[in-house]
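Secondary and tertiary structure notes
These are the residues of each chain, in order.
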Amino acid sequence: MRNKKSMGLRAIWDSIRYYSQDKKRFADLGTEEEAAKLFTYLQECYVQHYGLIPTELEDEEDNALPLQAAYAVQGHNPDFVQNFYAGIIAIEKIGLQVKAQWQIGLEAALQWGNGKVLGQFLYVDFQYDEEATTYSGRVLYKRVGNSLVGFWMEPKISSVGFERLVEMEESFF
């Protein structure tokens, strides 16, 4: 018999893909209001699963969303709060659209994606290759204090990952 927690985690992706009462799809974000609702829902799923809220989200000071920059990335994979990773992400803004490219870990594993700015939110549909398979998912970031914080998921993973982006200084390059 499966425990209730694992059954609930498997359902998280489906509930996030169809997160609103009118069954609007996760992929159909079009407004800042929709992004805000989804961000809140992802945060609730994260708290439900891990029993904690990232300290980065306790700072509710919202600032403008700076883009067209390089950011240091710190995060953890879904289901494994102790499975941390670090790297860099370069974000290029073209109008309201963005292109992003991550280099994660010591091997500088490459991930890439396209997304859109929705007010104080940024979402990116990402992809990466691993062992001859291409994986994809979505990350939704919000500007909080001096960072971008975000939750991410992939369709075949039953919980939520977390990332924090901190803008790197120009002198770093």
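Further up the page is the structure itself.
So, here is what we can say about the structure in this document. For every chain, the first residue of the written sequence is number 1, and numbering continues from 1 along that sequence. Totals for whole chains, interfaces and linings use all residues, but because this is a predicted model, local features are given only for residues with pLDDT of at least 70 and pairs of side-chain atoms are given and counted only at 80 or more. Computation of side-chain values covers all heavy atoms of the structure but excludes hydrogens and water.

**A look at the pairing of strand E8 (residues 161-167)**
Selection criterion: Two strands are said to pair when DSSP picks up at least two bridges between them. Every helix listed is a DSSP run of H or I at least four residues long, and every strand listed is a run of E at least two residues long, numbered separately from the N terminus.
The pairing of strand E1 (residues 69-76) with E8 spans 6 bridges and is classified as antiparallel. Residue pairing in the sheet places glutamine 74 in a bridge with arginine 164 of E8. Sheet topology note: the strand E7 (residues 147-153)/E8 ladder contains 6 bridges and is antiparallel. Looking at E8, one finds that tryptophan 152 is bridged to glycine 161.

**Overview of the nonpolar core**
Counted only if it meets this: We define the nonpolar core as a collection of buried residues of types Ala, Val, Leu, Ile, Met, Phe, Trp, Tyr and Cys that are connected through side-chain atoms lying within 4.5 Å of one another. Each residue gets one of three labels from its accessible area relative to the maximum for its type: buried under 20%, exposed over 50%, partly exposed in between, using a 1.4 Å probe on protein chains only.
By size, the foremost hydrophobic cluster in this structure holds 21 residues, and its most contacted members are Tyr71, Ile89, Ile91, Trp102, Leu122, Tyr141 and Leu165. Taken together, the elements giving at least two residues each to this core come down to E1, strand E2 (84-94), strand E3 (97-104), strand E5 (121-130), strand E6 (133-144) and E7. Ranked by size, the runner-up nonpolar core spans 18 residues in total, among them Phe39, Leu118, Tyr123 and Met153.

**Things to note about the pairing of E3**
Of the two faces of E3, the one holding Val98, Ala100, Trp102 and Ile104 is buried and the one holding Gln97, Lys99, Gln101 and Gln103 is not buried anywhere. Between E2 and the antiparallel strand that follows it, E3, lie 2 residues; glycine 95 among them carries a positive phi value of about 65 degrees. Where E3 meets strand E4 (residues 109-118), 8 bridges bridge the pair, whose relative direction is antiparallel. Residue pairing in the sheet places tryptophan 102 in a bridge with glutamine 111 of E4.

**Brief notes about the packing of aromatic side chains**
The test is simple: Planes of paired rings set the category: under 30 degrees apart is stacked, over 60 is edge-to-face and the rest tilted, where pairs are Phe, Tyr or Trp rings (Trp by its six-membered ring) whose centres lie within 6.5 Å.
Considering all chains together, one arrives at 9 aromatic pairs under this definition. Seen in terms of ring centroids, tyrosine 46 and phenylalanine 151 are 5.3 Å apart; in terms of plane orientation they differ by 50 degrees. Their pairing is tilted. Taken together, the residues span a long stretch of sequence, with tyrosine 46 in helix H2 (residues 32-50) and phenylalanine 151 in strand E7 at a distance of 105 residues. Neither residue differs from the other here; tyrosine 46 and phenylalanine 151 are each classed as buried. Grouping aromatic residues by their ring pairs yields a cluster made of Phe39, Tyr46, Phe121, Phe151 and Phe162.

**Notes on the side chain of serine 147**
Just so we agree on the cut-off: For the purposes of these results, a polar contact is taken to be a pair of N or O atoms within 3.5 Å, where, inside protein, one atom must be able to donate a hydrogen and its partner to accept one; residues adjacent in sequence count only when each atom of the pair is a side-chain atom. Contact criterion: two residues are considered in contact whenever any of their non-hydrogen atoms come within 4.5 Å of each other.
Relative to the elements of secondary structure, serine 147 occurs in strand E7. Among the polar contacts made by the side chain of serine 147, one reaches the side chain of arginine 164 at a distance of 3.0 Å. Once you skip the residues sitting within four places of it in the chain, serine 147 turns out to touch Lys142, Arg164, Leu165 and Val166.

**A look at the sheet that holds E3**
What counts here: The axes are straight lines fitted to the C-alpha atoms, using for helices just the contacting stretch, and the angles between their N-to-C directions are given from 0 to 180°.
Here 8 strands make up a closed barrel; going around it, the order is E1-E2-E3-E4-E5-E6-E7-E8 and the pairing antiparallel. Recorded for the sheet is a direction-independent mean angle of 30 degrees between the axes of neighbouring strands. With 8 bridges joining them, E2 and E3 adopt antiparallel strand pairing. Across the sheet, residue alanine 90 finds its bridge partner in E3, namely glutamine 101. In this fold H2 packs onto E1, E4, E5, E6, E7 and E8, with an angle of close to 70 degrees to the strand it touches most, E7.

Function cannot be inferred from these measures alone, as they are strictly geometric.
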